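Chain and residue survey
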Number of protein chains: 4
Amino acid sequence: MYSVSVIGATGYAGAELIRLLSSHPRVRIAHLASSSAAGQALSAVYPSFLSSRLPELETPDYDLLGRDSDVVFTALPHKVSAQAVPPLLAAGARVVDLSADFRYSDAAIYAQWYGAHPAPSLLSRAVYGLPELHREAICGAQLVGNPGCYTTCSILGLAPAVRAGLIDTDRIVIDAKSGVSGAGASATRDLHFCEVDENIKAYKVAAHRHTSEIEQELSLVAGKPIALSFTPHLIPVKRGILATIYCELTEPQSHADVMAVYRNFYEGEPFVTLCEDGSLPEIKHVNGSNECRIGWVVDRRLSRLILVSALDNLVKGAAGQAIHNMNLMLGLEETEGLTHRAWYL
Amino acid sequence: MYSVSVIGATGYAGAELIRLLSSHPRVRIAHLASSSAAGQALSAVYPSFLSSRLPELETPDYDLLGRDSDVVFTALPHKVSAQAVPPLLAAGARVVDLSADFRYSDAAIYAQWYGAHPAPSLLSRAVYGLPELHREAICGAQLVGNPGCYTTCSILGLAPAVRAGLIDTDRIVIDAKSGVSGAGASATRDLHFCEVDENIKAYKVAAHRHTSEIEQELSLVAGKPIALSFTPHLIPVKRGILATIYCELTEPQSHADVMAVYRNFYEGEPFVTLCEDGSLPEIKHVNGSNECRIGWVVDRRLSRLILVSALDNLVKGAAGQAIHNMNLMLGLEETEGLTHRAWYL
Amino acid sequence: MYSVSVIGATGYAGAELIRLLSSHPRVRIAHLASSSAAGQALSAVYPSFLSSRLPELETPDYDLLGRDSDVVFTALPHKVSAQAVPPLLAAGARVVDLSADFRYSDAAIYAQWYGAHPAPSLLSRAVYGLPELHREAICGAQLVGNPGCYTTCSILGLAPAVRAGLIDTDRIVIDAKSGVSGAGASATRDLHFCEVDENIKAYKVAAHRHTSEIEQELSLVAGKPIALSFTPHLIPVKRGILATIYCELTEPQSHADVMAVYRNFYEGEPFVTLCEDGSLPEIKHVNGSNECRIGWVVDRRLSRLILVSALDNLVKGAAGQAIHNMNLMLGLEETEGLTHRAWYL
Amino acid sequence: MYSVSVIGATGYAGAELIRLLSSHPRVRIAHLASSSAAGQALSAVYPSFLSSRLPELETPDYDLLGRDSDVVFTALPHKVSAQAVPPLLAAGARVVDLSADFRYSDAAIYAQWYGAHPAPSLLSRAVYGLPELHREAICGAQLVGNPGCYTTCSILGLAPAVRAGLIDTDRIVIDAKSGVSGAGASATRDLHFCEVDENIKAYKVAAHRHTSEIEQELSLVAGKPIALSFTPHLIPVKRGILATIYCELTEPQSHADVMAVYRNFYEGEPFVTLCEDGSLPEIKHVNGSNECRIGWVVDRRLSRLILVSALDNLVKGAAGQAIHNMNLMLGLEETEGLTHRAWYL
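A brief structural summary. Every value quoted in this text rests on a predicted model; they were computed, and no experiment measured them.

Below, the discussion takes up the pairing of strand S4 (residues 71-74) of chain D. Residues and elements named next belong to chain D. Every second residue of S4 is oriented toward a common face, with Val71 and Phe73 on one face and Val72 and Thr74 on the other, all of them buried. Relative to S4, strand S1 (residues 2-7) is paired through four bridges, and the arrangement is parallel. Directly across from Val6, in S4, lies its bridge partner Phe73. Both S4 and strand S5 (residues 94-97) contribute to a ladder of four bridges, which runs parallel. Considered in S5, the bridge of Phe73 is made with Val96. Traced from S4 through helix H4 (residues 80-90) to S5, the parallel crossover comes out right-handed.

Next comes the structure, spelled out in structure tokens:
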């Protein structure tokens with residue numbers, strides 16, 4: 001059994017991590033840290049954990065946590081993570097960081113979207129934790145920057161088409177729709193039930209930070225710079241992201257042609273599913289699971305490819321992917337603790 | 001045209017008042033006051049008001065508002081209202097107060113549930129603004145304490161049965177379910193979309209303040225003290241209250257017997273509807289309207305009467321009833337500005 | 001007072017028409033027809049109409065309805081409408097048809113998407129009922145084909161940019177999200193609460209019939225053929241459509257440049273609102289009203305224009321627009337009966 | 001590994017059974033039968049099962065299924081189950097039936113609520129599958145009638161108080177609220193998203209079939225006949241039941257007094273949790289788990305006990321409890337395959 005700890009245990013990603021880690025057969029939870037709720041039981045914040053045998057929430061002591069843990073998950077605001085990670089690494093722990101702080105190879109790009117990076121020298125040690133693109137590097141990493149939720153959904157939807165040159169990379173449009181848990185647990189008027197219920201809105205149009213992360217990774221895949229439109233929307237559901245992605249085909253393709261490209265790219269991947277039957281994914285098909293599901297329609301009339309990619313923002317878009325990264329870092333079976341099937345209902 | 005003003009314009013009850021007053025044919029809105037958003041347009045808080053010709057939000061100046069307005073609506077927290085009302089009255093305005101501050105005839109009962117009353121001497125001048133019980137007094141009032149939402153729904157459901165002696169008044173159980181707007185616009189974690197969505201909870205069991213208000217009014221109706229169980233629940237809808245009310249019959253009654261009692265009690269009432277066909281009200285049947293709808297089932301097996309009462313907490317339970325009170329105070333047609341039919345969808 | 005009748009009274013568009021017509025100051029409802037519920041009160045299907053003084057539902061007798069009505073609204077399935085309309089016109093009534101049957105000038109295009117047209121000779125007499133584009137023709141029309149909901153939202157969002165040549169008309173992408181009432185009242189498993197709740201899905205990708213309607217009208221506006229991507233999504237709300245529209249600018253433009261074009265195009269239009277302050281519309285901002293609200297972001301980095309257009313599919317997207325058309329056909333004040341402000345909550 | 005089969009695989013309870021059985025470590029799924037979807041993959045109905053290795057749906061052949069299975073789950077409409085069960089038993093399988101057909105010891109009571117029983121002679125062989133009350137009998141049973149969802153929630157909430165004589169059994173009121181999956185997957189207008197969303201309704205007041213089941217079991221617990229009020233409500237959530245239960249105390253009790261009674265009653269029960277801290281359960285606290293959680297408030301003012309009981313209608317109220325019964329019948333560890341913690345989000 002490996003010892004794992006979670007810092008930022010009372011946020012939504014933290015709580016989901018703990019839910020999943022609780023039933024992971026190869027780990028035991030050593031510490032749960034929360035600066036806002038230290039001294040309480042986790043069940044005081046999330047009563048679903050009543051009667052679980054979890055450690056009490058404690059004030060984060062990075063040295064102690066680092067020493068006591070094989071892996072520490074930091075589910076903290078950006079900038080805060082960058083301060084927590086160095087002492088954790090120094091104490092000998094591996095770290096999977098769920099903030100944006102270790103997702104960029106270039107501190108200048110980080111600076112453009114988040115402000116100056118607090119620990120730029122660490123960036124070269126961090127690996128971008130998208131196993132489908134960086135599996136090998138993750139296996140040997142001590143620090144993994146776990147990808148954003150929108151990012152994972154968008155990159156996985158596009159990567160095969162980009163690598164194969166199926167689409168015009170100057171004309172990509174990603175229209176993404178996310179459940180509210182992606183916005184975090186903070187009580188703001190924007191997230192009041194009465195503001196979200198029976199509503200949909202676009203936000204941060206042409207200005208969402210995840211754009212830069214998607215562009216970084218797809219540029220790597222393409223081997224040339226890619227800039228694209230990314231528009232997030234908030235929908236009245238708890239979980240799930242659906243990205244509808246509009247591309248112009250460089251040459252005519254059939255559904256089967258595209259299938260061949262995607263099948264080849266994702267061969268053997270345990271957490272990416274293709275809609276072999278021509279159907280399209282919906283968030284109900286994946287919520288609760290660590291699956292990213294991808295389908296598409298070829299619009300012959302306009303010679304466009306419309307991709308639809310769906311995942312659960314709290315699992316494949318956050319906690320599940322973090323555990324996948326941990327499994328790889330520890331040399332465990334990749335799918336260990338992550339085999340839950342989606343709850344359709 | 002009468003001049004009306006709203007203090008507390010940016011809360012949910014305030015916003016609904018303004019929406020309804022905007023289309024009232026006999027009033028013009030003189031002032032909108034909000035201490036938190038003074039200087040802004042109302043549409044900055046509620047974009048649905050974009051392109052309306054409403055006055056800008058201003059810091060409440062009670063003397064000015066009182067002088068400039070025939071009627072002022074105070075949609076403020078309790079205790080704050082009690083301080084705003086005296087200068088408004090002194091300046092010559094009539095006041096409809098939507099807080100709890102002027103709903104009690106007995107300052108001691110208020111004190112028990114809300115703490116010491118800040119202006120107990122005013123209580124004797126205030127009329128409880130439930131037109132179905134106190135129409136005449138409201139017509140002559142300068143100050144009306146607008147009833148609570150749960151209260152209105154519960155009292156209207158029970159009053160005829162209580163007055164007619166149909167039920168054992170020692171055994172009343174009110175199980176009420178409310179939409180989230182009843183909890184107000186404050187951003188608290190409890191009201192975060194992810195906490196309310198796909199959930200239901202009972203809260204303040206045997207301890208909700210509206211209990212005392214219901215008991216006060218039903219005791220008046222009965223001519224003897226009544227104490228009862230009132231349990232509120234929060235459900236994932238924006239608007240609407242449904243109260244399911246359990247009573248023991250003192251003698252056997254048929255559905256038609258009960259109908260005769262209720263029909264007689266509510267004869268001529270414009271805003272109470274009875275389910276003549278034996279159906280039961282749902283919140284969809286009344287949301288958006290100023291209607292309280294009441295139905296029931298006589299359980300002959302157990303000799304019980306189960307009443308169901310439904311209303312829109314923001315209209316008949318707050319803003320609509322406040323306008324009804326205003327209409328009465330100003331001698332206008334009762335239904336003026338309040339004839340909107342429920343939106344079923 | 002004009003006499004109006006509704007055929008197809010028990011569908012969602014029919015019910016909304018009746019709700020709005022009930023409070024229209026210049027009409028009285030003569031007949032309500034429904035082949036499925038004839039002989040019942042409307043309140044048997046929509047209990048919100050309890051205690052209204054509406055005529056009983058009757059089997060549609062087109063001659064009778066045509067003779068008795070100044071205007072008949074046909075809210076019927078396509079193909080059925082085309083059979084109902086000729087006798088109504090023959091009997092002397094004006095008709096606003098809410099199906100697709102009279103929206104196309106070219107029977108061949110209709111045939112491509114809906115199958116052979118049952119009454120192609122009538123198409124030349126029908127006017128496309130989008131007042132912002134065809135006001136004059138509507139005023140003199142005896143038959144109006146009321147636009148689709150997605151269509152209205154998309155066309156109004158794009159028309160000014162298209163007419164002014166701001167955008168590359170070969171590269172338009174419309175990503176639309178609709179509430180469930182747009183899918184109608186039929187009980188299908190797809191629309192079961194448990195299938196829709198906590199879900200979002202794209203459907204009829206590159207294959208939705210409204211595409212052809214949008215293309216017809218925007219081609220007219222552009223003076224050249226336009227083909228575009230239109231992707232509808234179903235979201236778990238009752239009402240409202242939000243269209244996010246991606247365009248490539250032909251030349252650099254600022255937000256104010258675009259504003260000048262849109263302001264000029266919609267000057268004096270009572271039911272189109274522009275987000276003057278740079279905000280973006282949400283469906284909460286317009287639900288319940290006959291307003292289409294439009295905002296946009298200019299993405300200078302990519303030289304794209306991202307438009308967001310929102311309306312209530314049952315009002316501006318169906319019943320409200322139908323009444324607007326009626327007002328124009330009868331020479332009434334355009335906004336009569338349509339001044340309801342959106343319910344934010 | 002035991003072989004298990006599910007008949008009625010495409011209903012909501014069937015789908016949930018399959019989801020849970022898929023990850024049960026001691027069983028393999030032999031057959032999935034559905035008369036409506038035979039020949040299809042389960043993923044054609046529930047796309048969340050895409051890429052699972054489940055047998056194809058087949059027309060139910062009771063002899064074959066009975067021979068091939070150690071346990072068969074029948075998730076069929078009542079009356080249909082009673083016909084399926086005899087051949088399954090004859091072929092040697094154990095059966096857990098999720099319909100009402102084997103929940104009653106007295107065919108006359110069944111007849112009163114469901115019509116004449118098709119196989120009354122089997123009733124004496126069936127055990128009521130509520131492990132907390134009938135564990136021993138379940139262990140030796142070949143046929144278990146799996147309890148209703150409302151029933152499980154209500155009985156578990158009340159049983160300790162009834163057995164201990166804490167409450168007046170002539171005055172019990174159960175006000176229950178259920179998610180929509182409890183009403184099944186049939187496409188009826190009542191369950192259309194637009195009818196359920198933003199609504200709550202009481203239904204089958206004083207007439208719901210589960211009343212008889214609750215009364216049967218609580219009468220057994222009390223050792224005397226109990227008749228009570230049970231009112232179900234439909235709320236706009238997918239899953240979960242919350243029962244608020246009103247009782248009159250026979251003698252004064254403190255919260256701790258009641259706790260002692262409940263703790264004693266449920267000692268060692270793996271799937272019943274008590275709110276030790278005085279909190280109350282919400283459906284979010286249990287959805288996704290096989291837990292029934294119970295809390296209460298003692299109202300000293302009125303000498304009443306208000307109990308709140310919550311469970312997931314698809315798990316503890318159906319599929320999870322069915323698997324619990326299977327575990328007992330097969331002599332497996334009780335909690336095998338049922339240790340999932342609730343998903344709070």
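Let us look at the sheet that holds strand S7 (residues 143-145) of chain C. Residues and elements named next belong to chain C. Taking strand neighbours across the sheet as the criterion, the seven strands line up as S3-S2-S1-S4-S5-S7-S6 in an open arrangement whose pairing is parallel. Lying at the two open borders of the sheet, with one neighbouring strand each, are strand S3 (57-58) and strand S6 (126-128). Note: strand S5 (residues 94-97) against S7, three bridges, orientation parallel. Its bridge partner being in S7, Val96 is matched across the sheet by Val144.

On to the interface of chain A and chain C. Contacts between the two partners involve 47 residues from chain A, matched on the other side by 47 residues from chain C. Together, A:Glu198, A:Ile200 and A:Tyr246 form the three largest contributors to the area buried by chain A at its contact with chain C, with a combined 15%. Linking chain A to chain C there are six salt bridges. As a salt-bridge pair, A:Lys177 and C:Asp175 come within 3.2 Å of each other at their nearest N and O atoms. Linking chain A with chain C are 36 residue pairs in polar contact (both at pLDDT 80 or more). Counting only elements with at least two residues in the side of chain A that touches chain C, the list comes to strand S8 (173-178), helix H8 (193-196), strand S9 (201-202), helix H9 (210-222), strand S10 (229-234), strand S11 (241-248), strand S13 (292-299) and strand S14 (304-311) of chain A. Grouping the constituent residues of the side of chain A that touches chain C by class yields 23 nonpolar, seven polar and 17 charged.

To continue, consider the relation of the copies chain A and chain C. The transform that puts chain A on chain C rotates by 180 degrees and translates by 0.0 Å along the axis, for an RMSD of 0.0 Å. Accordingly, the operation relating the two chain copies is best matched by a two-fold axis. Both copies contact each other with a shared surface, as 100% of the interface residues of chain A are interface residues in chain C too.

Residue and element names in this part refer to chain B. The strand order across the open sheet built from seven strands is S9-S10-S8-S11-S14-S13-S12, with neighbouring strands paired in mixed fashion. The outermost strands of the open sheet, each flanked by one partner alone, are strand S9 (201-202) and strand S12 (272-274). Bridge count for strand S8 (residues 173-178) against strand S11 (residues 241-248) is six bridges, and the pairing is antiparallel. Bridge assignment links Asp175 to a residue of S11, and that residue is Thr244. Strands S8, strand S10 (229-234), S11, S12, strand S13 (292-299) and strand S14 (304-311) of the sheet are contacted by helix H7 (residues 149-163), whose axis makes an angle of about 140 degrees with S14.

Parameters at a glance
Residues numbered from 1 in each chain as written. Chains lettered and ligands numbered in written order. Predicted model: local features only at pLDDT ≥ 70, side-chain atom pairs only at ≥ 80, totals over all residues. Heavy atoms only, no water. Buried < 20%, exposed > 50% of the residue type's maximum accessible area, 1.4 Å probe, protein only. Helix = DSSP H or I, 4+ residues; strand = E, 2+ residues; numbered from the N terminus. Pairing = 2+ DSSP bridges. Right-handed = clockwise from strand over helix to strand, strands pointing away. Contact = heavy atoms within 4.5 Å. Buried area = accessible area lost by both parts, 1.4 Å probe. Salt bridge = Lys/Arg side-chain N within 4 Å of Asp/Glu carboxyl O. Polar contact = N/O pair within 3.5 Å; in protein donor to acceptor, adjacent residues only side chain to side chain. Nonpolar A, V, L, I, M, F, W, Y, C, P; charged D, E, K, R; others polar. Least-squares fit on C-alpha atoms with pLDDT ≥ 70 in both. Axes fitted to C-alpha atoms, helices over the stretch in contact; angles between N-to-C directions.

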